[in-house]
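Coordinate inspection notes
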Amino acid sequence: ANTSTYVGEGGSGTQNTVQGLTKAWLKTTTASAISDSFNVTSINDVATGQEQVTFTSAFNNTTYAATGTSSESSYHNVVSNWNETVTTTLTRFGSLNLNTVSYADTILNCQVNGDLA
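On a predicted model such as this, the values are computed, not experimentally measured, just so you know.

Of note, Ser32 is situated in the loop between strand E3 (24-30) and strand E4 (33-38). Considered as a pair, Ser32 and Gln50 are 18 residues apart in the sequence and their alpha carbons are 9.1 Å apart. For Ser32, the residues in contact, after removing those within four places along its chain, are Ile43, Asn44, Asp45 and Glu51.

We now examine the sheet that holds E3. Reading across the sheet, the 4 strands line up as E4-E3-E11-E7 and stay open at both edges, with antiparallel pairing between neighbours. For this open sheet the edge positions go to E4 and strand E7 (65-70), each flanked by a neighbour on one side alone. Pairwise comparison of adjacent strand axes, ignoring direction, gives a mean angle of 15° for this sheet. Two elements, E7 and strand E11 (residues 108-113), share 6 bridges in a ladder whose sense is antiparallel. Looking at the pairing, Ala66 lines up with Val112 of E11.

Right, let's talk about the pairing of strand E6 (residues 50-55) for a bit. For E6, the buried fraction is high: 5 of the 6 residues fall into the buried class. Linkage of strand E5 (residues 40-47) to E6, two consecutive antiparallel strands, is achieved through a turn of 2 residues, within which Gly49 is found at a positive phi near 75°. One ladder, built from 5 bridges, connects E6 with strand E9 (residues 90-97); its direction is antiparallel. What sits directly across from Gln50, in E9, is Gly94.

Further remarks concern the packing of aromatic side chains. As enumerated under the stated definition, the model contains 3 aromatic pairs in all. The interplanar angle of 90° and the centroid separation of 5.7 Å between the aromatic rings of Phe55 and Tyr64 together place this pair among those described as edge-to-face. On the basis of an interplanar angle of 35° and a centroid distance of 4.6 Å, the ring pair of Phe59 and Tyr64 is categorised as tilted. For Tyr64, a relative accessible area of 7% gives the class buried. Among the aromatic residues, ring-to-ring pairing joins Phe55, Phe59 and Tyr64 into one connected group.

It is worth spelling out the side chain of Ser70 at this point. As for its position among the elements, Ser70 is in strand E7. One polar contact links Ser70 to Thr106, side chain to side chain, over a distance of 3.3 Å. If we ignore the near neighbours within four places in the chain, the residues touching Ser70 are His76, Val78, Ser95, Thr106, Ile107 and Asn109.

Our focus in this paragraph is the side chain of Ser95. Following the sequence through the fold, Ser95 ends up in strand E9. In this structure the side chain of Ser95 is engaged in a polar contact, spanning 2.8 Å, whose partner is the side chain of Thr106. Non-local contacts of Ser95, meaning those with residues more than four positions away in its chain, are made with Gly49, Ser70, His76, Asn77, Val78, Ser102, Tyr103, Ala104, Thr106 and Leu108.

Take the nonpolar core next. Counting 14 residues, the largest nonpolar core has Leu26, Val53, Phe55, Phe93, Cys110 and Val112 as its most contacted members. For this core, the secondary-structure elements that each account for two or more residues are E3, E5, E6 and E11. Here this core gets 3 residues from one element, more than from any other, and that element is E11. Setting aside its immediate chain neighbours within four residues, Leu26 contacts Asp36, Ser37, Val40, Ile43, Val53, Phe93, Leu108, Asn109 and Cys110.

Cut-off values and rules
- Residues numbered from 1 in each chain as written.
- Predicted model: local features only at pLDDT ≥ 70, side-chain atom pairs only at ≥ 80, totals over all residues.
- Heavy atoms only, no water.
- Helix = DSSP H or I, 4+ residues; strand = E, 2+ residues; numbered from the N terminus.
- Contact = heavy atoms within 4.5 Å.
- Pairing = 2+ DSSP bridges.
- Axes fitted to C-alpha atoms, helices over the stretch in contact; angles between N-to-C directions.
- Buried < 20%, exposed > 50% of the residue type's maximum accessible area, 1.4 Å probe, protein only.
- Phe/Tyr/Trp six-rings, centres within 6.5 Å; stacked < 30°, edge-to-face > 60°.
- Polar contact = N/O pair within 3.5 Å; in protein donor to acceptor, adjacent residues only side chain to side chain.
- Core = buried A, V, L, I, M, F, W, Y, C linked by side-chain atoms within 4.5 Å.

Take a look at the structure:
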């Protein structure tokens, strides 16, 4: 059910367990190659360093939070939902090289939190 709750440490309050769970995640090995994932149907290489991710189960709305990291050196920053239409069934991730200010194909580690439909 969507109402599963737990009591915080020391009885400090309750939290909704369902809302606090990661609803989708993925790890790639290279551009467009999924190593492992949850609630991800596919990824599509849309440009160098830019991947479109399609979810198995749709989100309730487009206000979900998508974050990620790169397995490359620290100058890579993973960005999500940039200048693109975000839908309940797909989002985009990109690995931006901060030194060259260009996208690069790297290993991505991404997660998405929000309410599923």
